[in-house]
Amino acid sequence: MTTNFYDKVAKKFGGYAYGKSHVEHLSKYPNGDPEKIFKTKLLSLAGKNKIALDAGCGDGKFAFQIARHFLSITGIDLSKELLEIARQKQKILKTKNVTFEFQDASKTSFSNKSFDVIFSRRGPTPFSEFYRLLKIGGYFVGINIGEQDCQDIKEIFGRGQGFGQWNNSRLEKDKQELKSLGFEIVFTQNYFYNEYYSSYEDLDLFLQGVPIFEDFDSKKDKKYLEKYVSKFMTEKGIKFPRHRVVLVAKKPNK
Ligand SMILES: C[S@@+](CC[C@H](N)C(=O)[O-])C[C@H]1O[C@@H](n2cnc3c(N)ncnc32)[C@H](O)[C@@H]1O
C-alpha cells in the first residue's frame, strides 16, 4: 500500500473515493455483508469509557460515524491529504472526541497499553505493534482484502494488488501471526460476494479511486477493461467478485 496513491485519490475526489464517488452497484452477499458484520462486531466492543485507535483512518468518515459509541477515537494515517480532509470535516461536524495524527501504524509513538480497541478498515495491520498498544483484555477488529479479491480482472490486467497470491489465505496468515504474538482468536470469517456495476463508465470511475490497480489509467487500460466487461456482463450488470476477511482477536487477560 503506498501513500502517494491515497494523496492522489484525496486530491482528485476530495476524500477516499471508495465511499465518496460511490458509483452505483448492487451487491449480493451469500453469507452476510462483511462491512455490516465488521461494524456490528466493533460496536459490540464499544463503550463510553473505551478508547479506540483507527489504523489507516483515511478521510475519517468511518470514525465520525461511530464516534458517539466511544470515549475517544484516534485516527492515524500516512496520507497528509486525507488527514487534512478529515480535519476539515471535523470542523464542520464539531465531533470533539476524534483526533487525527500523521503516524505510521507499524511504529507509532503511543505508549504501551494505550487502547481498549484497535480497528483497521481495509487499512494496515501491523499486529505486533497493535499487541503492544492494546490494554490487557483489549481487542483488534479488522476487515481486510482477501487474496481472491477481484481475481478475474487482475488476471486480465496481468497485475494488481496481491496479484498471483490467490492461494495464500489472508485469513490463515493473519490468524497464525495473531496467535504467534499471543492474541486469542475470537472470530474469523471469509466473505465472497459479487458486486454488479451498471456500466463500463461506472466501473472505470470506481477503479480510478481504489487501490486494486494503483496505476490504473482509463486510457491505457481501456483494452483490458473492455475485455473484462464483455466477459463479465450479466443481466444484473458487470459482475465483480469481491473477497473480504473479518477478524476479531483479543489480547488475553493473563
Ligand atoms: C483502503 S484505505 C481505507 C481508509 C479508511 N479506513 C476507510 O475505511 O475508508 C487505507 C488507508 O490506510 C492508510 N495506510 C496505509 N498504510 C498505513 C500505515 N502504515 N500507517 C497508517 N496508515 C496507513 C492509507 O493512507 C489509507 O488512507
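None of the values given here were measured: they were computed from a predicted structure.

1. Description of the side chain of Thr95
In this structure, Thr95 sits in the loop between helix H5 (80-93) and strand E4 (98-102). Leave out the neighbours within four places in its chain, and Thr95 touches Phe64, Ala67 and Gln90.

2. Re the site of the ligand
Taken together, the neighbourhood of the ligand is formed by 16 residues, with Gly56, Asp77, Asp104, Ala105 and Arg121 sitting nearest. In the model, a nitrogen atom of the ligand is placed 2.9 Å from a nitrogen or oxygen of the Asp104 side chain. One of the side-chain N or O atoms of Arg121 is found 2.7 Å from an oxygen atom in the ligand. Here the ligand, which alone exposes 600 Å², has 94% of that area covered by the protein. Among the residues making up the shell around the ligand, the classes are represented as 8 nonpolar, 4 polar and 4 charged.

3. Some details on the packing of aromatic side chains
Taken as a whole and assessed by the stated rule, the structure comprises 18 aromatic pairs. Look at Phe62 and Phe119: their rings are 5.8 Å apart centre to centre, the planes differ by 75°, and that puts the pair in the edge-to-face class. Of this pair, Phe62 sits in helix H4 (residues 61-66) while Phe119 sits in strand E5 (residues 115-121), placing them 57 residues apart in sequence. Judged by relative accessible area, which is 0%, Phe119 ranks as buried. Three or more aromatic residues joined by ring pairs make a cluster, and in this case those are Tyr197, Phe206, Tyr228, Phe232 and Phe240. The ring of Phe187 has Lys41 lying over it, and the distance from NZ or CZ to the ring centre is 3.8 Å. Above the plane of the ring of Tyr131 lies Lys251, whose end atom (NZ or CZ) is 4.6 Å from the centre.

4. Focus on the environment of Tyr197
Summarising the element assignment, Tyr197 is placed in strand E7 (residues 184-197). Residue classification places Tyr197 among the buried residues on the basis of a relative accessible area of 0%.

5. Some thoughts on the pattern of salt bridges
Inspection of every chain in the model, using the stated rule, returns 15 salt bridges. Note that Glu35 is salt-bridged to Arg121, the shortest N-O span being 3.1 Å. Remark: Arg121 occurs in strand E5 and Glu35 occurs in helix H3 (residues 34-44); sequence separation between them is 86 residues. Judged by its relative accessible area of 19%, Glu35 falls in the buried class. By relative accessible area, which is 25% here, Arg121 ends up partly exposed. Its salt-bridge partner being Arg244, residue Asp149 comes within 3.4 Å of it at the nearest N-O pair. In this pair, Asp149 sits in the loop between strand E6 (134-145) and helix H7 (151-157) while Arg244 sits in strand E9 (residues 237-250), placing the two residues 95 residues apart along the sequence. Across the pair, Arg244 and Asp149 agree in class, each one buried. One network of salt bridges, in which partners are shared, links Asp149, Glu195, Arg242 and Arg244.

6. Some details on the environment of Pro124
Structurally, the position occupied by Pro124 is in the loop between E5 and helix H6 (127-133). On a C-alpha basis, the gap between Pro124 and Ser114 in space is 18 Å, while along the polypeptide they are 10 residues apart.

7. Points about helix H10 (residues 222-232)
Along H10, the positions that sit buried rather than exposed are Leu225, Tyr228, Val229 and Phe232. Here the buried residues of H10 occupy an arc of 95° about the axis, which is enough to place them on one side. Of the exposed residues in H10, the ones pointing more than 90 degrees away from its buried face are Lys223, Lys227, Ser230 and Lys231. Among the structural elements, H7, helix H9 (200-208), strand E8 (233-234) and E9 are those in contact with the buried residues of H10.

8. Quick word on the pairing of E9
When you tally the buried positions in E9, you get 13 out of 14 residues, the bulk of the element. Here 7 bridges tie E6 to E9, and the two strands are oriented antiparallel to one another. Looking at the pairing, Gly142 lines up with Leu247 of E9. Alignment of E7 against E9, held across 13 bridges, turns out to be antiparallel. By the bridge assignment, Glu195 is partnered in E9 with Phe240. With 2 bridges connecting them, E8 and E9 associate as antiparallel partners. Bridge pairing links Thr234 to Gly237 in E9.

How each quantity is defined
- Residues numbered from 1 in each chain as written.
- Predicted model: local features only at pLDDT ≥ 70, side-chain atom pairs only at ≥ 80, totals over all residues.
- Heavy atoms only, no water.
- Helix = DSSP H or I, 4+ residues; strand = E, 2+ residues; numbered from the N terminus.
- Contact = heavy atoms within 4.5 Å.
- Near = heavy atom within 4 Å.
- Polar contact = N/O pair within 3.5 Å; in protein donor to acceptor, adjacent residues only side chain to side chain.
- Areas by Shrake-Rupley, 256 points an atom, 1.4 Å probe, with all protein chains shown as cover.
- Nonpolar A, V, L, I, M, F, W, Y, C, P; charged D, E, K, R; others polar.
- Phe/Tyr/Trp six-rings, centres within 6.5 Å; stacked < 30°, edge-to-face > 60°.
- Buried < 20%, exposed > 50% of the residue type's maximum accessible area, 1.4 Å probe, protein only.
- Lys NZ or Arg CZ within 6 Å of the ring centre and 35° of its normal.
- Salt bridge = Lys/Arg side-chain N within 4 Å of Asp/Glu carboxyl O.
- Arc of directions from axis to C-beta.
- Pairing = 2+ DSSP bridges.

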